[in-house]
Amino acid sequence: IKQKEQLIKLLKERKQIVINEAVTKGLDKTVTMKDSGVEWIGEIPEGWNLMKITHVFKIIGSGTTPTSSDIKYYNGTINWLQTGDLTDGVIEKTNKQITQKALTDFSTLKIYSKNSLVIAMYGATIGKVGLLNIETSTNQACCVLSNSNYVLESYAFYWFLASKKNIISMGYGGGQPNISQDLIKSLRMTVPSKQEQQQIVDFIENQTSKIDNAIDLQQKQIDKLKEYKTTLIDSVVTGKVRVE
């Protein structure tokens, strides 16, 4: 079990490396590189641009939490996203919904469109990312990026996954650091052509799919081994298996 858990850890690290290299170095290993001017990004392909997030996305916003003790604001039909809903993947649903009354009474609540990108700014989920496959409002701990002429949403999603560790390191606060909307706006993103972005996304999804399948296989084997271990102990202590 320990060996397989270590293998899963290595596979997850490999997955992160695949994403990191693709969105910062590209797929062509022979291309001429240039200094990005950002220490944690390093060199990037000569033909790529480096753009501030605030220039990449036309819409950058957040939300709020309607008065939690007031039932007229909850259990409605409008999705309301919290950072706990973010899983570094596609968002298909939210755990809570709010009412039209909440949307009317709280001007900071907005409905964000499908394909928007969401980044967690506070607490234990800081840096987690989600790509919306639904329309939703959010709480104040979510930063939403939307409507770009420069990047594909799927490319931006992988870019933020690759950059998570470095973004978190810029956080402020105590044991659980926070990041701000202003910090996210100030980040500089690597921007290849849209054609190359699509190639990068296709490559990442192909490679990470194989890694995810390998992780899934190891996890199933771990589950079977744990089940066997439990059965073995039970059989011995109940006398079903004779021990000399």
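Everything numeric in this text was worked out from a predicted model, so none of it was measured.

## A short note on the pattern of salt bridges
The final tally for this structure, using the stated rule, is seven salt bridges. Notably, a salt bridge pairs aspartate 105 with lysine 101, separated by 3.4 Å at the nearest N-O pair. Taken together, the positions of aspartate 105 and lysine 101, both in helix 3 (residues 100-105) and four residues apart, correspond to about one turn of that helix. Among the ionic contacts, a cluster of salt bridges with common partners joins Asp88, Lys128 and Lys164.

## Some points on the packing of aromatic side chains
Under the counting rule described, the total for this entry stands at five aromatic pairs. Taken together, a centroid distance of 6.1 Å and an interplanar angle of 50 degrees make the contact between tryptophan 40 and tryptophan 159 tilted. Of the two residues, tryptophan 40 sits in the loop between strand 1 (33-35) and strand 2 (43-45) while tryptophan 159 sits in helix 4 (residues 153-169), which places them 119 residues apart along the sequence. The exposure class of tryptophan 40 is partly exposed, given its relative accessible area of 29%. Here tyrosine 74 and tryptophan 80 contribute two aromatic rings whose centre-to-centre distance is 5.9 Å and whose plane-to-plane angle is 75 degrees, an arrangement assigned as edge-to-face.

## Some words on the pairing of strand 5 (residues 74-81)
With four bridges connecting them, strand 5 and strand 7 (residues 96-98) associate as antiparallel partners. Paired with tryptophan 80 across the strands is lysine 96, a residue of strand 7.

## Overview of the environment of serine 62
Note on placement: serine 62 falls in the loop between strand 4 (57-61) and strand 5. Sequence separation between serine 62 and lysine 72 is ten residues, and the spatial gap between their C-alpha atoms is 22 Å. Not counting residues up to four positions away in its chain, the partners in contact with serine 62 are Thr108, Tyr112, Met121, Thr138, Asn139, Gln140, Ala141, Cys142 and Gln181. There is a polar contact of 3.5 Å between the side chain of serine 62 and the backbone oxygen of asparagine 139. There is a polar contact of 2.6 Å between the side chain of serine 62 and the backbone oxygen of cysteine 142.

Analysis parameters
- The residue count restarts for each chain, going from 1 along the sequence in the order it is written.
- Reporting of local features is limited, given that this is a predicted model, to residues whose pLDDT is at least 70; pairs of side-chain atoms are given and counted only at 80 or more, and all residues count toward the totals for whole chains, interfaces and linings.
- Side-chain descriptors were evaluated using all non-hydrogen atoms of the structure, hydrogens and water having been removed beforehand.
- Between Lys or Arg on one side and Asp or Glu on the other, a salt bridge is scored when a side-chain nitrogen of the former is within 4 Å of a carboxyl oxygen of the latter.
- Only DSSP runs of H or I covering at least 4 residues are called helices, and only runs of E covering at least 2 are called strands; the numbering of each starts at the N terminus.
- Any two of the Phe, Tyr and Trp rings considered here, Trp counted by its six-membered ring, make a pair once their centres fall within 6.5 Å; the pair's planes then place it as stacked at under 30 degrees, edge-to-face at over 60, or tilted in between.
- Burial classes follow relative accessibility: with a 1.4 Å probe on protein chains only, a residue under 20% of its type's maximum area counts as buried, one over 50% as exposed, and anything between as partly exposed.
- Should DSSP find at least two bridges between two strands, the strands are taken to pair.
- In this description, contact between two residues means that some pair of their heavy atoms is separated by no more than 4.5 Å.
- N or O atoms closer than or at 3.5 Å make up a polar contact, with two conditions inside protein: a donor-capable atom paired with an acceptor-capable one, and, for residues adjacent in sequence, both atoms drawn from side chains.

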